[in-house]
Amino acid sequence: MTREATAGGSARWHPLAPLAARLNQRMAQWMRRRQGTDRLPVTLERRRLYILPTRAGLAFTALLFLMLLAGLNYANSLALFLTFLLAGFALVVMQQCHRNLLGTEVIAAIAPAVFARSNGVLQLTLGNGDGVERVRLEAALAKAPLVLADLGPRLRQRLDLPLPAPHRGIVRIERLRLSTAHPFGLFRVWTWVHTEVAMLVYPHPHGGLPMPADSGRNAGVCAHTGAGADEWAGLRPFRDGDSPRQVDWKAYAREAPLLVKEYVEDVSELRMFDFAQLRALDQEARLSQLARWVVDAEARGERYGLILPGVQLSPDRGPEHRHRCLAALALFGLEDRER
């Protein structure tokens, strides 16, 4: 079971915010040097877990200190007994919180490609190799909402961490945070997983220009019964004039009706999408229009190719060809932009 937790209220500026940001950056660099780059799958070991009291834990500690002072001042043995009992309870809670995250397996982290101006996801797979349930594990990217999960004994679970994709290109994820405050929320144990994940962001498919004319081949499919046809279409009842070589004699031997094998020759439209033909548009508008054509042509089952400065993809179709075309559009000109 997964849940997403978002922080309510609007963000307010704090005078110590720049100092806290620098401290967090220094701490992140130190953790990266200490742990190095993680190669998944990774099991969270004791040396890479950090634990500190939460705000509730600090308040609980202050309460225990006041109870200790009151017990010593009034020589009240019952107050001292209660104080040390609660202190022992806090130590047990700290150990249970640490054990809740210790041994968790980070199996995989992938980010499927998405279109710009949409929200992508980092698909994080966690595993629990122990026979004890892990409750309220928290996973999050930097400056992103938490995603909560309960891991059953010896189970795996996939979490979808939200990841915005405002522009085309590559979104690089250098680290993600795993933490937990279970039980009672007095302590929080956390760790950072430093794994390099890249999410490809396609251009936003937008544009109202018509597709360029096809290469001259006729649209549609032609059915015939020749043996040299491209694709198998099925069986149909025998008609006068059909060739005996196309009869499905095996089916006829099984006491089926006399059937004829039918094939379909694929003669779908062939289109070439050329970046240079969209001279009236700027670069990003051209890429969006080309992405729109690629998506529409794939949805229609047409064969299409793509021509970019320095890149030419031969006509084809299918999910892999669609990805190649959209990836070429997503990466076009990024090297010049980074220089």
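Residues numbered from 1 in each chain as written. Predicted model: local features only at pLDDT ≥ 70, side-chain atom pairs only at ≥ 80, totals over all residues. Heavy atoms only, no water.

### With respect to a nonpolar patch on the surface
Phase 1 of the analysis: Together, Leu78, Phe81, Leu82 and Leu85 make up a nonpolar patch on the protein surface, roughly 420 Å² of accessible area in all.
Phase 2 of the analysis: Within the element layout of this structure, Leu78 appears in helix α3 (residues 77-101). (Patch = residues over 30% accessible without salt bridge, like charges linked within 9 Å, V, L, I, M, F, W, Y side chains within 5 Å. Areas by Shrake-Rupley, 256 points an atom, 1.4 Å probe, with all protein chains shown as cover. Salt bridge = Lys/Arg side-chain N within 4 Å of Asp/Glu carboxyl O. Helix = DSSP H or I, 4+ residues; strand = E, 2+ residues; numbered from the N terminus.)

### Section: helix α6 (residues 319-331)
Phase 1 of the analysis: End to end, α6 covers 18 Å across 13 residues, agreeing with the expected 18 Å (1.5 Å per residue, within 8%).
Phase 2 of the analysis: Within the span of α6, buried status applies to His321, Cys325, Leu326, Ala327, Ala328, Leu329 and Ala330.
Phase 3 of the analysis: Once α6 finishes, Gly333 follows within two positions and takes phi at roughly 75°, a positive value. (Expected span 1.5 Å × (residues − 1). Buried < 20%, exposed > 50% of the residue type's maximum accessible area, 1.4 Å probe, protein only.)

### Some remarks on the packing of aromatic side chains
Phase 1 of the analysis: Under the criterion given, the structure shown has six aromatic pairs.
Phase 2 of the analysis: Between Phe273 and Trp293, the aromatic rings sit 5.6 Å apart at their centres with planes inclined by 40°, giving tilted as the arrangement. Of this pair, Phe273 sits in strand β17 (residues 270-274) while Trp293 is found in helix α5 (residues 283-300), placing the two residues 20 residues apart along the sequence.
Phase 3 of the analysis: The class for Phe273 is buried, based on a relative accessible area of 0%. (Phe/Tyr/Trp six-rings, centres within 6.5 Å; stacked < 30°, edge-to-face > 60°.)

### Looking at the sheet that holds strand β9 (residues 156-165)
Phase 1 of the analysis: Strands sit in the order β2-β4-β6-β9 across an open sheet of four strands; the sheet is antiparallel. This sheet does not close on itself; its edge strands, each paired only once, are β2 (42-43) and β9.
Phase 2 of the analysis: In terms of strand pairing, strand β6 (residues 118-127) meets β9 through 10 bridges, oriented antiparallel. Each bridged residue has a counterpart across the sheet, and for Ser118 the counterpart in β9 is Ala165. (Pairing = 2+ DSSP bridges.)

### Points about the sheet that holds β17
Phase 1 of the analysis: Overall, mixed pairing links the three strands, which are arranged β17-β18-β19 in an open sheet. Single-partner strands in this sheet number two, and they are β17 and β19 (311-316). Pairs of neighbouring strands in the sheet enclose a mean axial angle of 10°, with direction left out of account.
Phase 2 of the analysis: Of the pairings in the sheet, the one linking β17 to strand β18 (residues 303-308) comprises five bridges and is parallel in character. Paired with Phe273 across the bridge in β18 is Leu306. (Axes fitted to C-alpha atoms, helices over the stretch in contact; angles between N-to-C directions.)

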